[in-house]
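# Observations on the three-dimensional arrangement
Listed here are the chains, written in short residue letters.
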Amino acid sequence: MKSSELNENKTAPSKSPQREGQSPSEEQEGNRRVAIITGAGTGMGFEEAKAVAAKGFHTIMACHHPDRAEAKRLEIVSETGNENVEVMGIDLADLSSVRRFADEVKARFQHLDLLMNNAGTLATKFQRTKDGLEQTVQVNYVGPYLLTRLLLPLMREGSRIVNMVSLTYRIGHLDFPYFFTSGRKGSFWRIPIYSNTKLALTLFTFDLANRLKDKGITVNAADPWIVSTNIIRMHSFIDPLTDIFFRPLIHTPRQGADTAIHLLLDEDKASQTGTFNRSNRIVNVGEKFYRHKQMQELWDATEALVRKFL
Ligand SMILES: NC(=O)c1ccc[n+]([C@@H]2O[C@H](COP(=O)([O-])OP(=O)(O)OC[C@H]3O[C@@H](n4cnc5c(N)ncnc54)[C@H](OP(=O)(O)O)[C@@H]3O)[C@@H](O)[C@H]2O)c1
């Protein structure tokens, strides 16, 4: 695929389904700034959604459990005064759900300004998704890849994509084809699999940034460090101890989300692309990652996996 084709719109615009509490005339204006944050009902995603809503964006909270996220939406509306905050359901572990979500967004909005690929998981046991992939790999990497690919036609000069990565990318390995189907070669081991997904998302960030650099669409990675959210639960006897001794020492969700929020909103980051960021600074991750030897193979293998949903 040629880079120039990446954000061509192949889907004909369809009629907007009207949603409760929204004015179709506003949506048809075409000049509303629109942001999508995945995993916005909890942890750092909630903080990111609140920050973009406070800046006046029409904010789409893309959530796995939309019912649970409704109370968080109301909290954002009340704290920011922005009524244009909505929850839409998406299951990143189901590629047809990702496609449905993207189709609805494309039908209702003419452009997309911000895409925050924030959602992630750290599965405790091996689970195969209905698409035949390992769960953590699909939620953390393949699902966000497909979502981004499908939404690219809505993006224009000035649109920003931010991917939530992790310092664990450094210990990640991509053993194809096991990476997609079992997370790694060998038996299930949750931290290495998670690390592999964050390596893949980091490489996708650099690769896509390069492919989009002539279009003025930026792509950057944010590493939040270690943050007190649900995802770090070990699901074992150690949890109450870590809650007492460890959690007070690590970042709050707002602190963890800070780097991503700056990448999404800061004026001086408007043309920054292809970077890895921590504590609001660009981290030089080295040529080994910027020009990773498996970058092209990863892109090609992922394209082949998601092709029928594009
Ligand atoms: N906490 C850390 O120390 C840390 C460090 C580095 C990177 N990160 C990354 O930061 C991001 C945000 O995590 P967090 O720390 O804020 O934890 P979190 O509160 O557990 O957030 C994870 C979010 O992902 C959503 N999600 C999980 N499975 C999904 C699926 N199948 N489809 C759609 N959404 C799904 C969850 O929704 P439900 O709860 O509704 O399932 C939740 O909203 C993740 O990508 C994580 O890997 C976290």
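Report follows, based on the coordinates. Just so it is clear, the structure is predicted and the values come from calculations on it, not from any experiment. (Residues numbered from 1 in each chain as written. Predicted model: local features only at pLDDT ≥ 70, side-chain atom pairs only at ≥ 80, totals over all residues.)

### With respect to the packing of helix H4 (residues 95–108) against helix H5 (residues 135–151)
At a closest axis distance of 10 Å, the pairing of H4 and H5 adopts a crossing angle of 25 degrees. Comparing the axis directions of H4 and H5 gives the class roughly parallel. Between H4 and H5 lies a crossing whose hand is right-handed. For the pair H4 and H5, contact is made by Leu95, Val98, Arg99, Ala102 and Val105 and by Gly143, Leu146, Leu147, Leu150 and Leu151, respectively. Per-class residue counts for the contact of H4 with H5 are eight nonpolar, one polar and one charged. (Axes fitted to C-alpha atoms, helices over the stretch in contact; angles between N-to-C directions. Helix = DSSP H or I, 4+ residues; strand = E, 2+ residues; numbered from the N terminus. Parallel < 35°, antiparallel > 145°, perpendicular 65-115°, else oblique. Left-handed = near helix turned anticlockwise from the far one by under 90°. Contact = placed C-beta atoms within 7 Å. Nonpolar A, V, L, I, M, F, W, Y, C, P; charged D, E, K, R; others polar.)

### A look at the site of the ligand
Taken together, 29 residues form the shell around the ligand, and within it Gly39, Gly43, Ala119, Gly120 and Thr229 come nearest. Of the residues forming the shell around the ligand, the biggest block, three residues, is contributed by helix H2 (residues 43–54). The class makeup of the residues in the shell around the ligand is 14 nonpolar, 14 polar and one charged. (Near = placed C-beta within 6 Å.)

### A word on the pairing of strand S5 (residues 160–164)
Burial analysis of S5 places five of its five residues in the buried class, which makes it a mostly covered element. Of the two faces of S5, the one carrying Arg160, Val162 and Met164 and the one carrying Ile161 and Asn163 are both buried. As a crossover connection, the stretch from strand S4 (residues 114–117) through H5 into S5 is right-handed. Pairing between S5 and strand S6 (residues 218–223): five bridges, direction parallel. Along S6, the bridge assignment pairs Arg160 with Thr218. (Buried ≥ 20, exposed ≤ 12 C-beta atoms within 10 Å, placed from the backbone. Right-handed = clockwise from strand over helix to strand, strands pointing away. Pairing = 2+ DSSP bridges.)

### Comments concerning the nonpolar core
Counting 79 residues, the largest nonpolar core has Ile36, Ile37, Val52, Met61, Ala62, Leu151 and Ala260 as the members making the most contacts within it. Among the elements that make up this core, the one with the highest residue count is helix H7 (residues 190–212) (eleven residues). Not counting residues up to four positions away in its chain, the partners in contact with Ile36 are Ile60, Ala62, Leu112, Leu114, Leu115 and Met116. (Core = buried A, V, L, I, M, F, W, Y, C linked by C-beta atoms within 7 Å.)

### Points about the packing of H2 against helix H3 (residues 66–80)
Remark: H2 packs on H3, axes separated minimally by 10 Å, with the N-to-C direction vectors making an angle of 35 degrees. Our pair here, H2 against H3, has a crossing hand that is right-handed. Contact residues: Phe46, Ala49, Lys50, Ala53 and Ala54 in H2; Lys72, Ile76, Glu79 and Thr80 in H3.

### Points about the sheet that holds S5
Ordered in space as S3-S2-S1-S4-S5-S6-S7-S8, the eight strands form an open sheet in which the pairing is mixed. With partners counted over all chains shown, the strands left at the sheet margins are strand S3 (85–89) and strand S8 (281–283), one partner each. For this sheet, the mean angle separating the axes of adjacent strands, direction not counted, is 25 degrees. Bridging between strand S1 (residues 34–38) and S4 involves three bridges; their strand directions are parallel. Note that in S4 the partner of Ala35 across the bridge is Leu114. Here H5 sits on the sheet in contact with S4 and S5, set at roughly 170 degrees to S4.

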